[in-house]
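Commentary on secondary and tertiary structure
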Amino acid sequence: MWNKRKQAAPFRPTDSLIGHGGNLEGKVQCDTNLRIEGNFSGEIQCQGTVTIGEQGTVRSSIKAREIIIAGKVYGDVTADQRLTMTGTGQLHGNILAGTLSIMEGSVLNGSIATAEQPAALLSDASAGAENTDKAGKRGSKQQGKREAG
């Protein structure tokens, strides 16, 4: 009873914030979400969501699962899943994203490329259509063999 060890509290990841008025230079790598309300220059790689607030200015390449731009970004961005530009967002760079949402009033100077969705995210309907096509082809081949023989 007296020798029982206290179990450590479970690890809780916290989001990162570069606050309004803050200036940061360098390379940021994070597994959680990142919000930038100040100024950042460098490189960002994030496993979560990167949000550039209305007062935020980023001079950086950004690679993240999801990116939300409400401030200014100068650099290329890669969103594995979704990129959202709000009405106050400005992007001066190229986009590579799974899906893209650009709201009225936002500014985009650059090119856009959308990535193909991974096979796991495709709908079952399209997979079912492929199977039907293959079955139909097999049926046609079998009919051709029967007619010839």
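Residues numbered from 1 in each chain as written. Predicted model: local features only at pLDDT ≥ 70, side-chain atom pairs only at ≥ 80, totals over all residues. Heavy atoms only, no water.

**Quick word on the overall build of the protein chain**
Defined as follows: Where helices and strands are cited, they refer to DSSP runs of H or I of at least four residues and of E of at least two residues respectively, numbered from the N terminus. Here, residues are in contact when the closest pair of their heavy atoms is within 4.5 Å.
The helix and strand inventory of the protein chain stands at one helix and eleven strands. When its helices and strands are written in sequence order, the protein chain yields β-β-β-β-β-β-β-β-β-β-β-α. Residue pairs at least 24 apart in sequence account for 1% of intrachain contacts in the protein chain once pairs closer than 6 positions are excluded.

**Looking at the pattern of salt bridges**
Stated formally: Whenever a carboxyl oxygen of Asp or Glu lies within 4 Å of a side-chain nitrogen of Lys or Arg, that contact is scored as a salt bridge. Exposure is judged per residue with a 1.4 Å probe applied to protein chains only, and the accessible area is read against the type maximum: over 50% gives exposed, under 20% gives buried, and values in between give partly exposed.
The full count for this structure, using the stated rule, is two salt bridges. Linking Arg 35 and Glu 37 is a salt bridge whose minimum nitrogen-to-oxygen distance equals 2.7 Å. Salt-bridge contacts for Lys 63 lead to Asp 80; the nearest nitrogen and oxygen are separated by 3.1 Å. In this pair, Lys 63 is assigned in strand 5 (residues 57-69) and Asp 80 in strand 7 (residues 77-85), connecting sequence segments 17 residues apart. Looking at Lys 63, the relative accessible area reads 40%, which means it is partly exposed. For Asp 80, a relative accessible area of 48% puts it in the partly exposed group.

**A word on the side chain of Thr 49**
Mapped onto the elements of the fold, Thr 49 is located in strand 4 (residues 39-52). Of the residues examined, Thr 49 reaches a relative accessible area of 11% and is grouped as buried. Each residue touching Thr 49, except ones within four places of it in the same chain, is listed here: Asn 33, Leu 34, Arg 65, Glu 66 and Ile 68.

**Considering the nonpolar core**
Heads up, the rule is: Nonpolar cores are built from buried Ala, Val, Leu, Ile, Met, Phe, Trp, Tyr and Cys residues. Side-chain atoms within 4.5 Å join them into one set.
If you look at the biggest cluster of nonpolar residues, it comprises 23 residues, and the most contacted ones within it are Ile 44 and Ile 62. For this core, the elements supplying multiple residues, two or more each, are strand 2 (23-30), strand 3 (34-36), strand 4, strand 5, strand 7 and strand 9 (95-102). Beyond its immediate stretch of four places on either side in the chain, Ile 62 contacts Ile 44, Val 50, Ile 52, Ile 67, Val 73, Asp 76, Val 77 and Thr 78.

**Quick notes on the environment of Asp 76**
Here is the rule: Under the rule applied, a polar contact is a pair of N or O atoms within 3.5 Å (in protein, one hydrogen donor and one hydrogen acceptor; residues adjacent in sequence only if both atoms are side-chain atoms).
Summarising the element assignment, Asp 76 is placed in the loop between strand 6 (72-74) and strand 7. Taking the C-alpha atoms as reference points, Asp 76 and Ile 62, 14 residues apart in sequence, are found 6.5 Å from one another. Filtering out sequence-adjacent residues up to four positions away, Asp 76 remains in contact with Ser 60, Ser 61, Ile 62, Gly 93 and Asn 94. Among the polar contacts made by the side chain of Asp 76, one reaches the main-chain amide nitrogen of Asn 94 at a distance of 2.9 Å.

**Describing the pairing of strand 7**
Worth spelling out the cut-off: DSSP calls a pair of strands paired once it identifies at least 2 bridges connecting them.
As defined by bridge partners, strand 5 adjoins strand 7 across seven bridges and the pair is classed as parallel. When the bridges of strand 7 are listed, Glu 66 appears paired with Arg 82. Here strand 7 pairs with strand 9 via seven bridges, running parallel. Its bridge partner being in strand 9, Val 77 is matched across the sheet by Ile 95.

**So, the confidence of the model for the protein chain**
For clarity, the threshold we go by: Each residue carries a pLDDT score, the predictor's confidence in it, ranging from 0 to 100.
Averaged over every residue, the pLDDT of the protein chain is 79; the share at 70 or more is 68%. Across residues 129-149, confidence stays below pLDDT 50; counting only partners more than four residues off in sequence or on other chains, it has zero contacts.

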